[in-house]
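Here's the letter readout for the chains.
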Amino acid sequence: MRDLVLILFIVGFVVASFRRPYFMALGYIWVDFLQPQKLTYWFLSGAPVALIMGMGAVAFYVFLDEKQRIRLSFVQGLIIFLVLYATVNTFGWAIVTDHAREKWDWVSKGLLFSVFLPWVLTTRRRVEAAAFVMILSTAAITISGGVKTLLGSGGYGTVSFLVQSNTGLYEGSTLATVALAFIPLTLWLYRRNTIMKPSLLTLLATAGIIFSMILVTVGAEARTGLVAGAVLLLLLWLVNSRKLIFAAAIAAAAAIAIPMLPASFTDRMSTIKTYDEDMSASIRLSVWKWTIDFVKEHPFGGGFGVYRINQFDVDMQRREGVADNMDTRTVTVKKEARAFHNSFFEVLGELGYLGAAIYVSIVILALHATWTLRRISTGDPERDVWFRDLGTMMAISLIVYTVGSMFVSIAFQPPYYDLLAITIAATHIARRERLGNNVDEKVGPRRRPVGMGTAAPAKA
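Note that the coordinates shown come from a computational prediction; the quantities given were computed from them, not determined experimentally.

Draft legend 1. Highlighting a nonpolar patch on the surface. Together, Met1, Leu4, Val5, Leu8 and Phe9 make up a nonpolar patch on the protein surface, roughly 540 Å² of accessible area in all. The class for Met1 is exposed, based on a relative accessible area of 77%.

Structure below.
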């Protein structure tokens, strides 16, 4: 039954693309996030669905969609350069060849498609549709994990999702980071989208999705979520016009929720203060030290998956005795093939100094893009609110994602680059509207070119 439903979804995206060509790009986003080939048992299992949908999206754009003159931004150019450099790295001097080529395959497709997206998302409604697909695809996983958390199957490394997998959004720490980063985008969609008017139903749906994103963060018991969640609350408080009310609501929610948290969650979060006694934290620090030493000898990096060759000793503090008479001793444990658990060290170890410099530049320019979007004026106050609010929420999303990436290797995961693509697309739309070349649904020309892909409000 699940196979049939997923196949119908894919067929639906394809069929709809003949009338609205940009739906094929939305279908690629859906496949990239949900990975239906991992959820099926026969027809789609192992099939290159993302590649097929990606090629279809480009084909529908080239042959059927209305084209807009869009200039390649500097940050998009950096992403392309990063892919080219990663390609040379992978096929030139990667150490763990098989794993490097496997990772290069999905990294290159995801990053290049994010560069392509702004050419497709040429109206506000298309931007909203892409955001909806991203949110709902993620929500399908968080709702599943949230329900299972409520039923008692949560826990670090054990929380169950739609499928038993430890890659992409199906990895607990990654999902916690992405879910929290998507909360601002979810709030923006509820307030500003032009596809569905705010109502009790949309309010309940929004609240349910946000609750599932918070719940799955608790269920994953990843310390990444605690830090990223704290940053999210701080940023939302800073941009809120009613700071006292917002702070009081958060305090009340915390007072109610904290006593209800499972003991395993509070015990794991408490290890942040005693990192030298926690195996996971000590290993991460040792991996980061190994990465710095490795790059000194391999300045161009060791290729994707190079962490698999690491070997190091971990010094752990052990306390023994009773409360009034505690003795501390150091225990050395040998470890190998441990992941980077940090996006910046991930890029540094895999792509060297040049790759790390490119990645840091992309992170900085991504935030600059949100600032640019916030400051653009189209001359229409109502429209300006749409762009300004999107820029603000995108900035919060990108910052939360970046903070979360300090504790998990997600430098090349598609959600970050898709958020950036939406920001760039919205910036192009705002600039075009400022120049008077308006093709948005509500004030566009009465006769739209064939293949424009924008429906009248009554049919949306």
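Having seen it, we continue.
Draft legend 2. Structural context of the nonpolar core. Residues Ile362, Leu390, Val400 and Phe412 are the most contacted members of the largest nonpolar core, which totals 109 residues. Ranked by residue count, the leading element in this core is helix H15 (residues 414-434), at 11 residues. The contacts of Leu390, once residues within four sequence positions are left out, are Val127, Leu185, Trp188, Leu373 and Ala426. Counting residues in hydrophobic clusters, the runner-up holds 15 residues, among them Val287, Trp288, Trp290 and Phe312.

Draft legend 3. Expanded view of the packing of aromatic side chains. One pass over the full model with this rule turns up 20 aromatic pairs. What links up through ring pairs into an aromatic cluster is the set Tyr28, Tyr61, Phe113 and Phe116. Across the ring face of Tyr61, the terminal group of Lys67 is positioned such that the distance to the ring centre comes to 5.2 Å. The cationic tip of Lys243 hangs over the ring face of Trp237; the distance from NZ or CZ to the ring centre is 5.8 Å.

Draft legend 4. Layout of the packing of helix H4 (residues 74-92) against helix H13 (residues 343-375). One can describe the packing of H4 onto H13 by two numbers: an axis separation of 10 Å at closest approach and a directional angle of 160 degrees. Between H4 and H13, the angle is such that the two are roughly antiparallel. Crossing geometry of H4 relative to H13 is assigned as left-handed. Residues Phe74, Val75, Leu78, Ile79, Phe81, Leu82, Tyr85, Ala86 and Asn89 of H4 form the contact with H13, whose participating residues are Glu350, Leu351, Leu354, Gly355, Ile358, Ser361, Ile362 and Leu365. Looking at the contact of H4 with H13 residue by residue, the class counts come to 13 nonpolar, three polar and one charged.

Draft legend 5. How the structure looks around helix H6 (residues 124-150). Taking 1.5 Å per residue, 27 residues should reach 39 Å; H6 reaches 37 Å between its end C-alpha atoms and fits that length. Helix geometry: H6 is bent most strongly at Ala139, by close to 25 degrees. When you tally the buried positions in H6, you get 21 out of 27 residues, the bulk of the element.

Draft legend 6. Summary view of the pattern of salt bridges. This structure, assessed with the given rule, holds 10 salt bridges. Lys103 is the partner of Glu346 in a salt bridge, and the nearest nitrogen-oxygen pair spans 2.6 Å. Of this pair, Glu346 sits in helix H13 while Lys103 sits in helix H5 (residues 97-120), placing them 243 residues apart in sequence. Pair check on accessibility: Glu346 and Lys103 agree, each one buried. Of the charged contacts, one joins Asp293 and Lys289 as a salt bridge, the two residues approaching to 3.4 Å between their closest N and O atoms. Here Asp293 and its partner Lys289 are both found in helix H12 (residues 279-297), four residues apart, which amounts to about one turn of the helix. On the accessibility criterion, Lys289 (56% relative accessible area) is exposed.

Draft legend 7. Structural view of the confidence of the model for the chain. On average, residues of the chain score 85 in pLDDT, and 83% of them reach the 70 mark or higher. Taking the mean pLDDT of every element in the chain, the minimum, 58, falls on helix H11 (residues 263-270) and the maximum, 97, on H4. Within the model, pLDDT remains below 50 along residues 437-460, and this stretch shows 53 contacts once partners closer than five positions in the same chain are excluded.

Draft legend 8. Structural view of the packing of helix H9 (residues 223-239) against helix H14 (residues 381-404). Two elements in contact, H9 and H14, have axes separated by 9 Å at closest approach and are oriented at 155 degrees. Between H9 and H14, the angle falls in the class roughly antiparallel. Note on packing geometry: the crossing formed by H9 with H14 is right-handed. Counted together, Thr224, Val227, Ala228, Val231, Leu232, Leu235, Leu236 and Val239 of H9 and Thr392, Met393, Ile396, Ile399, Val400, Val403 and Gly404 of H14 form the full contact between these two elements. Considering only residue class, the contact of H9 with H14 consists of 12 nonpolar, three polar and no charged.

Criteria and cut-off values
Per chain, the residues get numbers from 1 upward, laid out in the order the sequence is written. Totals for whole chains, interfaces and linings use all residues, but because this is a predicted model, local features are given only for residues with pLDDT of at least 70 and pairs of side-chain atoms are given and counted only at 80 or more. Computation of side-chain values: all heavy atoms of the structure, hydrogens and water removed. Patch members must show over 30% relative accessible area and no salt bridge, and they are joined within 9 Å when carrying like charges or within 5 Å when they are nonpolar side chains of Val, Leu, Ile, Met, Phe, Trp or Tyr. Only the protein chains shown count as covering a residue, and every accessible area follows the Shrake-Rupley method with a 1.4 Å probe. In the sections that follow, a salt bridge refers to a side-chain nitrogen of Lys or Arg positioned within 4 Å of a carboxyl oxygen of Asp or Glu. Relative accessibility thresholds used throughout: buried, under 20% of the residue-type maximum; exposed, over 50%; partly exposed, between the two (1.4 Å probe, protein chains only). Nonpolar cores were defined as sets of buried Ala, Val, Leu, Ile, Met, Phe, Trp, Tyr and Cys residues, with membership established by side-chain atoms within 4.5 Å. Helix and strand labels come from DSSP, where a helix needs a run of H or I of at least four residues and a strand needs a run of E of at least two; each type is numbered from the N terminus. We call two residues in contact when some of their heavy atoms are within 4.5 Å. Stacked, tilted and edge-to-face are the three classes applied to pairs of Phe, Tyr and Trp rings, where Trp contributes its six-membered ring and a pair requires centres within 6.5 Å; stacked means planes under 30 degrees apart, edge-to-face means over 60, and tilted covers the rest. Any Lys NZ or Arg CZ that is within 6 Å of a ring centre and within 35 degrees of that ring's normal is treated as a charge sitting over the ring. Interaxial angles span 0 to 180 degrees and are taken between N-to-C directions of axes, which are lines fitted to C-alpha atoms, for helices over the stretch in contact. Convention used here: angles under 35 degrees read as roughly parallel, angles over 145 as roughly antiparallel, angles from 65 to 115 as roughly perpendicular, and any remaining angle as oblique. Crossing handedness is defined as follows: a turn of the near helix away from the far one that is anticlockwise and smaller than a right angle gives a left-handed crossing, while the clockwise case is right-handed. The residue classification treats Ala, Val, Leu, Ile, Met, Phe, Trp, Tyr, Cys and Pro as nonpolar and Asp, Glu, Lys and Arg as charged. All others, Gly included, are polar. Take the number of residues in a helix, subtract one, and multiply by 1.5 Å to get its expected span. What is called the bend at a residue is the angle between a pair of axes, fitted to the seven residues leading up to and ending at it and to the seven starting from it. Each residue carries a pLDDT value, the predictor's own confidence for that position, ranging from 0 to 100.

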